[in-house]
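In case you want the letters, here they are:
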Amino acid sequence: MSTSQNPIGQLLLKSMLRLLIGENKLQFYETIDWQHQSDRFRQPNLIYPHYYSSQNFHGIEGGYLNSVAAITYDPVTAFASPPNEAWIRQQLIGVIKNQPRKILDLGCGTGSATLMLKQAFGQANVIGLDLSPYMLVVADYKAQQAGLNIEWLHGLAEATGFEEASFDLVTASFLLHETPPKISQFILRECFRLLKPGGQLIILDGNQKRLRHAKWLIKIFKEPYSTVYAAESVDDWMKTAGLEAVQTEYVGWINQVTSGIKIN
Ligand SMILES: C[S@@+](CC[C@H](N)C(=O)[O-])C[C@H]1O[C@@H](n2cnc3c(N)ncnc32)[C@H](O)[C@@H]1O
């Protein structure tokens, strides 16, 4: 019997969620019509790639294509980003070189980084793109609560459909460890294509050197692609994609920020 059919399992899940996200948010998530809300973002012609739709990311059935992923993502991420999630995310903002006017946040999820980008660059046009319409529902709710005007798009990071050279800054936080290395490299190539000359790409993700020796952590969080992610180098991938002045800084206990510039 699955938890969804088991009343005791449901009660336990609800109590755990109440603890993690608080009563108010739980009530909001319980009362919204997920189908209707996610339909506001859903691109009907989008075909989910097999590497995405076939995985139960973080042990959630259906992975990001399940509203439970969207509800639980923020509280779990707070635990998974030691010593402090906001500080870790601030390190990405801290390496931004210029005043970007057009910003794209790929794999934006529930929008935590996207909101910070808009808060840091209020005049900029900020777009968050993600494959999960459920994550976008939460991102949009958070932006509305914060009074921030951000555009949310349902789409593929490796094939966004935007015109080339249309962004000053492209970011991706905690996206590349969620995709097979081949796809991560396609995503970085797409980032290069999307940047204007002089534009900047910044990737915040797991510290690959550390994660190689922390297989237990990858197992706990039930990450399907983190082992292969950790075996490679975002720094090298970015150089191969054409970026220059590539630099990686290790931040916090298990994270890294890599920045590169598209010169021409
Ligand atoms: C670990 S979450 C990171 C969310 C957010 N960027 C953050 O910093 O918290 C990974 C997100 O990437 C999205 N994702 C995974 N593969 C993707 C792809 N190929 N294109 C767009 N989004 C993708 C997932 O749906 C999920 O929301």
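The coordinates are above.
Residues numbered from 1 in each chain as written. Predicted model: local features only at pLDDT ≥ 70, side-chain atom pairs only at ≥ 80, totals over all residues.

A. Representation of the overall build of the chain. The helix and strand tally for the chain stands at 13 helices and seven strands. Rg of the C-alpha trace for the chain: 18 Å, near the compact-globule value of 18 Å for 264 residues, within the 12% margin. Seen through its C-alpha atoms, the chain measures out along the principal axes to roughly 60 × 40 × 35 Å. Relative to its full complement of 264 residues, the chain shows a buried share of 38%. (Helix = DSSP H or I, 4+ residues; strand = E, 2+ residues; numbered from the N terminus. Rg over C-alpha atoms; globule rule 2.2 N^0.38 Å. Buried ≥ 20, exposed ≤ 12 C-beta atoms within 10 Å, placed from the backbone.)

B. Molecular detail of the packing of helix α6 (residues 85–94) against helix α7 (residues 112–120). Interaxial distance between α6 and α7 falls to 10 Å at its minimum, and their mutual angle equals 50 degrees. It follows that α6 is oblique to α7 by the angle criterion. In terms of crossing hand, the pair formed by α6 and α7 is right-handed. Here α6 contributes Arg 89, Leu 92 and Ile 93 to the contact with α7, which in turn contributes Ser 112, Ala 113, Met 116 and Ala 120. Residue composition of the contact of α6 with α7, grouped by class: five nonpolar, one polar and one charged. (Axes fitted to C-alpha atoms, helices over the stretch in contact; angles between N-to-C directions. Parallel < 35°, antiparallel > 145°, perpendicular 65-115°, else oblique. Left-handed = near helix turned anticlockwise from the far one by under 90°. Contact = placed C-beta atoms within 7 Å. Nonpolar A, V, L, I, M, F, W, Y, C, P; charged D, E, K, R; others polar.)

C. Expanded view of the packing of helix α5 (residues 67–80) against helix α8 (residues 133–146). Interaxial distance between α5 and α8 falls to 7 Å at its minimum, and their mutual angle equals 45 degrees. It follows from the interaxial angle that α5 and α8 lie oblique. Read as a crossing pair, α5 and α8 show a hand that is right-handed. Taking contact as the criterion, the partners of Ser 67, Ala 69, Ala 70 and Tyr 73 in α5 are, on α8, Tyr 134, Met 135, Val 137 and Val 138. When its residues are assigned to classes, the contact of α5 with α8 shows seven nonpolar, one polar and no charged.

D. Main features of the site of the ligand. Of all residues adjacent to the ligand, which total 20 residues, the nearest are Gly 107, Gly 109, Ser 132, Ala 157 and Ser 173. When grouped by side-chain class, the residues that make up the shell around the ligand number 10 nonpolar, seven polar and three charged. (Near = placed C-beta within 6 Å.)

E. Structural detail: α5. Between its first and last C-alpha, α5 extends 20 Å over 14 residues, near the 20 Å set by a 1.5 Å rise per residue. Taking the largest bend as the criterion, α5 deviates by roughly 50 degrees, centred on Tyr 73, and proline Pro 75 comes between one and four positions later. Within α5 the residues assigned to the buried category are Ser 67, Val 68, Ala 69, Ala 70, Ile 71 and Tyr 73. (Expected span 1.5 Å × (residues − 1). Bend = angle between axes of the 7 residues up to and from the residue.)

F. Summary view of the environment of Tyr 225. Relative to the elements of secondary structure, Tyr 225 occurs in the loop between α11 (215–220) and α12 (226–230). For the pair formed by Tyr 225 and Gln 55, sequence separation is 170 residues and the distance between their alpha carbons is 9.7 Å. With sequence-adjacent residues up to four places away left out, Tyr 225 is seen in contact with His 177, Glu 178, Thr 179 and Pro 180.

G. Focus on the nonpolar core. With 59 residues, the main nonpolar core has Ala 70, Leu 104, Leu 106, Met 135, Val 170, Cys 191 and Leu 201 as its most contacted residues. The dominant element in this core, judged by the number of residues it contributes, is α8, at seven residues. (Core = buried A, V, L, I, M, F, W, Y, C linked by C-beta atoms within 7 Å.)

H. A look at the environment of Asp 39. Counting through the fold element by element, Asp 39 comes out in helix α3 (residues 34–39). With 175 residues separating them along the chain, Asp 39 and Ala 214 place their C-alpha atoms 39 Å apart.

I. The arrangement of the sheet that holds strand β7 (residues 255–261) in detail. An order of β3-β2-β1-β4-β5-β7-β6 is seen for the seven strands of this open sheet, with the pairing classed as mixed. Only two strands of the sheet have a single neighbouring strand rather than two, namely β3 (151–154) and β6 (244–251). Direction aside, neighbouring strands of the sheet carry axes that sit 15 degrees apart on average. As judged from the six bridges shared by strand β4 (residues 167–173) and strand β5 (residues 195–206), these two strands associate in the parallel manner. When the sheet's bridge partners are listed, Thr 171 is paired in β5 with Ile 202. Its contacts with the sheet put α8 on β2 (125–130) and β3, and the angle it makes with β3 is roughly 175 degrees. (Pairing = 2+ DSSP bridges.)

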